[in-house]
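Single-letter residue listing:
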Amino acid sequence: MTVDLNIVDDDGGTLYCANHPETETLLRCNRCNKPICVEKCAVQTDVGYRCKECIRSVQDKYYNAEGRDNWVALGVAFVVTLIAMPIAGLLLSRLGLLFGGLIALLIGSTAGTILAQLIRRAVNKRRGRNMRWFALAGIVLAALVVVLFMPYLLFSLPALIFGVVAVSATLSFLR
Ligand SMILES: [Zn+2]
Ligand SMILES: [Zn+2]
């Protein structure tokens, strides 16, 4: 891959930033070729300098979620948490602090990854900027419901460890 700095001088004239007409520049965006100033407009990427608009439009292609996907993510997270949390909680709170904590650490991230994969599948693998926050909202809502019926889970360290590890795995996987 060649890094193209696009240091310009096609017509010999001075270039001015497209967004800041008083700022002289030597750079052009290597995607749309617009002159951009180093101070405010140029963003260095793996493939050279680009303007913010181009970076945004590349991200828009990456983040291809449709309007309802976030709600699907929230719903799946809610249902899965509602089912899995009482089971995991029951088992873990019976295992004792040390062993339970260890198991929680071991299976927490697997459980979180499975949840994230279920969500990804439910939205046809589309990605959304805010999808993981919707998933988090679904998890939190379900956790509140579960805790209403099983308040002792709040005092079970293994259950809490499991929750934290699982949630952080879900969030990082959905990025
Ligand atoms: Zn550009
Ligand atoms: Zn500028």
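Owing to the predicted nature of the structure, the values given are computational and were not obtained by experimental measurement.

Chemist: Sorry, what's going on with helix α2 (residues 69–94) here?
Modeler: Spacing of three or four residues puts side chains on the same side of an α-helix, whose turn is 3.6 residues. Relative to the 38 Å expected for 26 residues at 1.5 Å per residue, α2 spans 37 Å between its end C-alpha atoms, a close match to the ideal helical length. The sharpest bend along α2 comes to roughly 30 degrees, located at Thr-81. Two residues or fewer after α2 comes Gly-96, characterised by a positive phi angle close to 90 degrees.

Chemist: I would appreciate a short explanation of the environment of Phe-99 in the present structure.
Modeler: Considering the arrangement of structural elements, one finds Phe-99 in helix α3 (residues 97–122). Phe-99 sits in the exposed class, given 12 other C-beta atoms within 10 Å. Along the chain, Phe-99 and Pro-158 lie 59 residues apart, while their C-alpha atoms are 8.5 Å from each other.

Chemist: Teacher, can you tell me more about the domain arrangement of the protein here?
Modeler: A common measure of how large an interface is: the accessible area buried when the components associate. For the protein, the assigned domains read domain 1 (15–62) and domain 2 (69–173). Placing a centre on the C-alpha atoms of domain 1 and another on those of domain 2 gives a separation of 41 Å.

Chemist: When you look at the packing of helix α4 (residues 131–149) against helix α5 (residues 157–173) in this model, what are you seeing that I'm missing?
Modeler: Following both chains from N to C, one finds α4 and α5 inclined at 155 degrees, their axes separated by 9 Å at the closest point. It follows from the interaxial angle that α4 and α5 lie roughly antiparallel. The hand of the α4/α5 crossing is right-handed. Facing Arg-132, Ala-135, Leu-136 and Ile-139 of α4, the residues of α5 in contact are Val-167, Thr-170 and Leu-171. Considering only residue class, the contact of α4 with α5 consists of five nonpolar, one polar and one charged.

Scoring rules and cut-offs
- Residues numbered from 1 in each chain as written.
- Chains lettered and ligands numbered in written order.
- Predicted model: local features only at pLDDT ≥ 70, side-chain atom pairs only at ≥ 80, totals over all residues.
- Helix = DSSP H or I, 4+ residues; strand = E, 2+ residues; numbered from the N terminus.
- Expected span 1.5 Å × (residues − 1).
- Bend = angle between axes of the 7 residues up to and from the residue.
- Buried ≥ 20, exposed ≤ 12 C-beta atoms within 10 Å, placed from the backbone.
- Domains from an automatic or database assignment.
- Axes fitted to C-alpha atoms, helices over the stretch in contact; angles between N-to-C directions.
- Parallel < 35°, antiparallel > 145°, perpendicular 65-115°, else oblique.
- Left-handed = near helix turned anticlockwise from the far one by under 90°.
- Contact = placed C-beta atoms within 7 Å.
- Nonpolar A, V, L, I, M, F, W, Y, C, P; charged D, E, K, R; others polar.

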